[in-house]
Amino acid sequence: MYNPKPTSKFILFSLVLLLLLSFLALSICSELDLSDDDGDDVEALEELIALDEKEDSHQQNAESEFVSKAQRIVLELNNDNTKRAIDGNEYVLVLGYAPWCVRSAELMPKFAEAATALKELGSHLLMAKIDAERYPKVASTLDIKGFPTLLLFVNGTSQPYTGGFSAEELVIWARKKTGVPVIRINSDAEAIHFLKKYSMFVVGLFDKFEGPDYDEFTKAAKMDNEIQFVETSNAEIAKHLFHNFKATNLFLGLVKREPEKYTEYEGTFSTERILQFLDDNKFPLITVLTELNAARVYSSSNKLQVLIISEPDNFKKLVEPLQDVAIKFKPQIMFIFVDVREDNLAKPFLTMFGLEESKDSVVISFNYRSNLKYLLESDATPTSIEDFCSGLLSGSVSAYYKSQPIPDNKNMSILTVVGKTFDKLILNSPENILLEVYTPWCITCETTSKQMEKLAKHFKGLENLIFARIDASLNEHPRLQVDDYPTLLFYSADDKTKPITFPTKSSAKDLAALVNQNLKAQDPEIRDEL
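Let me sum up the structure you'll find in this document. (Residues numbered from 1 in each chain as written. Predicted model: local features only at pLDDT ≥ 70, side-chain atom pairs only at ≥ 80, totals over all residues. Heavy atoms only, no water.)

## Here's the deal with the side chain of Thr287
Thought 1: Note that Thr287 resides in strand β11 (residues 286–288).
Thought 2: In this view, Thr287 contacts Asn293, Val297, Met334, Phe335, Ile336 and Phe337; residues no more than four positions away in its chain are not counted. (Helix = DSSP H or I, 4+ residues; strand = E, 2+ residues; numbered from the N terminus. Contact = heavy atoms within 4.5 Å.)

## With respect to the pattern of salt bridges
Thought 1: For the structure shown, the criterion picks out 15 salt bridges.
Thought 2: Between Asp143 and Lys145 there is a salt bridge whose closest N-O contact spans 3.6 Å.
Thought 3: Owing to a relative accessible area of 73%, Lys145 belongs among the exposed residues under this scheme.
Thought 4: Of the charged contacts, one joins Glu446 and Lys450 as a salt bridge, the two residues approaching to 3.9 Å between their closest N and O atoms. Taken as a pair, Glu446 and Lys450 lie in helix α17 (residues 445–458) at a separation of four residues, close to a single helical turn. (Salt bridge = Lys/Arg side-chain N within 4 Å of Asp/Glu carboxyl O. Buried < 20%, exposed > 50% of the residue type's maximum accessible area, 1.4 Å probe, protein only.)

## Describing the packing of helix α13 (residues 312–328) against helix α15 (residues 382–394)
Thought 1: For the pair α13 and α15, the least separation of the axes is 10 Å and the interaxial angle reads 20 degrees. Here α13 lies roughly parallel to α15, going by the angle between them. In the packing of α13 onto α15, the handedness of the crossing is right-handed. Contacts from Leu318, Pro321, Leu322, Val325 and Lys328 of α13 reach α15 at Pro382, Ile385 and Glu386.
Thought 2: Partitioned by chemical class, the residues of the contact of α13 with α15 number six nonpolar, no polar and two charged. (Axes fitted to C-alpha atoms, helices over the stretch in contact; angles between N-to-C directions. Parallel < 35°, antiparallel > 145°, perpendicular 65-115°, else oblique. Left-handed = near helix turned anticlockwise from the far one by under 90°. Nonpolar A, V, L, I, M, F, W, Y, C, P; charged D, E, K, R; others polar.)

## Quick look at the nonpolar core
Thought 1: With 40 residues, the main nonpolar core has Leu93, Met127, Leu150 and Leu241 as its most contacted residues.
Thought 2: Contributions of two or more residues to this core are made by β2 (91–97), α5 (102–120), β4 (149–154), α7 (167–177), α8 (188–197), β7 (201–205), α10 (235–241) and β9 (251–255).
Thought 3: With seven residues, the top contributor of residues to this core is α5.
Thought 4: Domain assignment of the residues forming this core places at least three in each of domain 1 (70–171) and domain 2 (180–278).
Thought 5: The contact partners of Met127, leaving out residues within four places of it in the chain, are Ile73, Val74, Leu75, Leu93, Phe111, Ala114, Ala115 and Leu118.
Thought 6: Formed by 25 residues, the second largest nonpolar core is a distinct cluster that contains Leu318, Val325, Leu372 and Leu392. (Core = buried A, V, L, I, M, F, W, Y, C linked by side-chain atoms within 4.5 Å. Domains from an automatic or database assignment.)

## Here's the deal with the sheet that holds strand β5 (residues 157–160)
Thought 1: On the basis of which strands lie adjacent, the open sheet formed by five strands has the order β1-β3-β2-β4-β5 and mixed pairing. Of all the strands in the sheet, the pair left with one neighbour each is β1 (75–76) and β5.
Thought 2: Inspection of the sheet shows β4 paired to β5 by four bridges, in the antiparallel sense. By the bridge assignment for β5, Val154 is matched with Thr157.
Thought 3: α7 contacts β2, β4 and β5 of the sheet and is inclined by roughly 25 degrees relative to β4. (Pairing = 2+ DSSP bridges.)

## A word on the state of the cysteines
Thought 1: For the structure shown, the criterion picks out one disulfide.
Thought 2: What pairs with Cys442 in a disulfide is Cys445, and their sulfur atoms sit 2.3 Å apart. The disulfide joining Cys442 to Cys445 has a torsion of about 95 degrees about its S-S bond and is therefore right-handed. In this pair, the class of Cys442 matches that of Cys445, namely buried. (Disulfide = S-S within 2.5 Å.)

## Thoughts on empty space enclosed by the protein
To find leftover empty space, one rolls a probe the size of a water molecule over the atoms.
Thought 1: Here the structure, examined in full by the defined rule, presents five cavities of 30 Å³ or more.
Thought 2: There is about 130 Å³ of room inside the largest cavity.
Thought 3: As for the largest cavity, its lining consists of 16 residues, of which Asp280, Phe283, Pro284, Lys303 and Ile333 are closest to the centre.
Thought 4: Only α11 (271–281) and β13 (333–339) provide two or more residues apiece to the lining of the largest cavity.
Thought 5: The residue inventory of the lining of the largest cavity, partitioned by class, reads seven nonpolar, two polar and seven charged. (1 Å grid on protein atoms, 1.4 Å probe; cavity = no way out; pocket = protein on both sides within 12 Å on 5 of 7 lines; lining within 4 Å. Points joined across faces, edges and corners; volume = space filled by probe spheres on them.)

Shown next as C-alpha cells:
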C-alpha cells in the first residue's frame, strides 16, 4: 500500500497549484467522455483533436431558436424587481454576470437550458439573472462579487452554488436543494425518458421506500451535489437502468457512459460509505482535464493522480490500452489527460517539472498527502505507464526534483549550485558555505547578490569558506526548504543538517561580522572588517 512519510512542500508546489485554482476558481465540474460507446455522448477526445463535424445551418438555427426561447424563461433582474423577486419566491437561483465576461457568456445558455428543463419538471424554482455591471448596487446587495456568480435564495437567505455548470448538473443541484433529491421511476416508459436525459446516475432498488437502508440512501442523495439519484421498487426497471443488475431485494449501483459503464455498490448501506463509493467511482477511467472540471479534479485528492500531458493525436494512440491500465489501478490511481495545447492547464504542471520546452508526451504524478511529485523518465507507452504506476504504489519510484544542467564553476568566486549538485557542493562539502537562495522574479534578490559578491571578494583566499548561490525557481532538493526570497543560509563545516539563516537586509559589513562569528572557532585568521 502506498504510504510515504510526509515531507515539506516543494518550492513553488503550493504556489503553482494556488495559481491554477485561482485561475479556475470559476470553473465548472464535468467529465468529458473518451469513449465512443454512446452516440448521444459528447465525444470529448474528438473535440480536442478537432475532428467534430460542423453542424449544418438548419441545426444551428434550431439551436439558436431553442436558446432564445429558453433565455426568455429566465427573469432579468434590475433595480425595480430584484427585491420583489427574492422576497416573493421560496426558491430563487440567481446568476450574476458581466457582458464582457467570457465564462458568463459560456454559462448563460446552459443556465437557460436548465431553466427550461426545470420548468418542464414542474419545479417552483425561479431562475433569474442580473447584469452586475449595469446594476452594481443591486448586485452588491446580493453579495455578487465576481463573474459568473450563482446564488440560491431560500426564503430570502442566500447560499452559494456548489454544483457543476452543465445544464444537467444545474438541474440536478437545483432539484436536490429544492426538495427533490431522488427521482422515482415506476414504468419502462419513465425509465426510457430518464435515460435520454441523464449521462450519469445512481440507481437504488428497494422493496419499500422506507426503513434504515432507504433512509441512508436518501441522506446520501441530499448530501451529494453532482449525481442524480433514482429509485424503483421494480426489479425489471432496475435491470433496464442497470443492465448488469442481478436479482435481489436491495441494490445500489452507479451508471456512467463510458467503457466502465456499470459499477455495483457492495457492503452495508450507510450515507458515508455511499458517498465515498461515489467519490471513488464518479470520474471516468481517464478524465480529460478542462477549465470546466479542473477545480473538481484538483479537489479529488484521495487517490494518486497520474497526468498524461500530450498532443491529442499522440494521446489518442494510448487511449484504448490505457483504459485497461486504468482499470487495474482504479482503487488507487486517477488517470488524467491534459492537452498540451491548453497553456492555462498544461504549462503550470510542465513548469513545476522544468519541462516547459518538452516536445514529447510527459507523464507525471502527484501525491497530495505527502506533497511529492514523480516523473516517468522514459517514453510514454502503455507498458511504461503501467510499470510507472506499479512503482508509485510499491514505493520504488523516486520522487522527482527539478535541476538545471550541471554548470562549469571553474575559477568562479561564487559557485552555482543546481539540484543535481546540492549534495556534493553543499551537504557533503567539508568547508563552511554561505548559500544565497534566489529567484529571477525576486525584487530584492539583486541587492543581496551584490552583497554576496562583496563578501566573496573580501574573504577571497580563505580556504575553509565557500560562497554559492542557487536559483530556487529551477532547482529543488528535499533538504532545501525555503519559503522566502532571497534567503542566506550558512552551512557550518561541523554540521550541515541545521543551516543558520542570515538576515538579508543587513549591510555587507554586518554580514561579514556574522561570517566571522561563525568561523572564529574554526579559523584564527579572520578579517573583522571590510
